[in-house]
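An overview of the molecular structure
Letter by letter, the chains look like this.
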Amino acid sequence: MSDHYYSNKPTVDSKPMRLSFELRGHQFQFTSDSGVFSKKEVDFGSRLLIESFQLPSVDGSILDVGCGYGPIGLSLAKEFNDRKVEMIDVNERAISLSKQNADVNGIKNVAIYQSNLFENVVTEDFAAILTNPPIRAGKHVVHDILSNSHKHLKVGGELWVVIQKKQGAPSALEKLESIYSSVEVVLKKKGYYIIKSKKG
C-alpha cells in the first residue's frame, strides 16, 4: 500500500525527472518523481480536464483535489491568475513537487498543502473544484470526494471531474445526480467522461 500514489509517504526510492509540457497554451517545466500519479507525463484524463475546464460565472477560488505534482492546479493558476488556486494531496512527495513546480514556473497565486481528502480544507466557498480522482484508492474514496465537494462549493460553484467509463463513470454520474442540482457530461473522449456538477 505504501508505494501507491495515494499513500501519505511513498517508500519507493526517489528518482526525480524533468518534464516539459504545453497546457492551455502555456509552456511548463515540471519535476516529477517515483511514487506519484502518472509520473512520466500529464495523463490523458488530466489533460482533457485541463483543456475542457471553463470558469463558472461566480467569483471565488479554485481547488484541485489530488493535485499530484501539479499539472491541473498550476495550469489553471497560470491561466486564471486573478484567482487563488488551492491544491491538495495526501501524498507528501506530491505536495513537495507541486510547490517546487509552482516556484519554477513563477506561479504565485497558489496555496499547496497536504490533506487527506478534505481534512485540512478550511474554505467552504470555492467557485470550482476539479479532480482526477484516485480510482485505485477505491470507490468509497472517489465517492467521498464527489459528495464532500458539495459543502466546499458556494452556490453556483461547480465540481469538474474526469473519470473513465470502465472505471466507474456511470456510478459517479448516479452519485452526483443525487447531490447536485445540475449534472452534465461536458465531453466524452476515448472512454473518458468530463462531468460538470453545479451547486444550486
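All figures in this text were calculated on a predicted structure; none of them were measured in a lab.

A few words now on the overall build of the protein. The helix and strand inventory of the protein stands at 5 helices and 9 strands. Going residue by residue from the N terminus, the α and β elements of the protein occur as β-β-α-β-α-β-α-β-β-α-β-α-β-β. Projected onto its principal axes, the C-alpha coordinates of the protein cover approximately 45 × 35 × 35 Å. Within the span of the protein, comprising 200 residues, buried residues form 56% of the whole. Taking all contacts inside the protein whose residues are at least 6 apart in sequence as the whole, residues at least 24 apart take part in 67%.

Our next topic: the packing of helix α1 (residues 44–52) against helix α2 (residues 71–79). At a closest axis distance of 10 Å, the pairing of α1 and α2 adopts a crossing angle of 20°. As judged from the angle between their axes, α1 and α2 are roughly parallel. Classified by chirality, the crossing of α2 by α1 is right-handed. Across from Ser46, Leu49 and Ile50 in α1, the residues of α2 making contact are Pro71, Ile72, Ser75 and Leu76.

Thresholds applied
- Residues numbered from 1 in each chain as written.
- Predicted model: local features only at pLDDT ≥ 70, side-chain atom pairs only at ≥ 80, totals over all residues.
- Heavy atoms only, no water.
- Helix = DSSP H or I, 4+ residues; strand = E, 2+ residues; numbered from the N terminus.
- Buried < 20%, exposed > 50% of the residue type's maximum accessible area, 1.4 Å probe, protein only.
- Contact = heavy atoms within 4.5 Å.
- Axes fitted to C-alpha atoms, helices over the stretch in contact; angles between N-to-C directions.
- Parallel < 35°, antiparallel > 145°, perpendicular 65-115°, else oblique.
- Left-handed = near helix turned anticlockwise from the far one by under 90°.

Nothing here speaks to function; it is all geometry.
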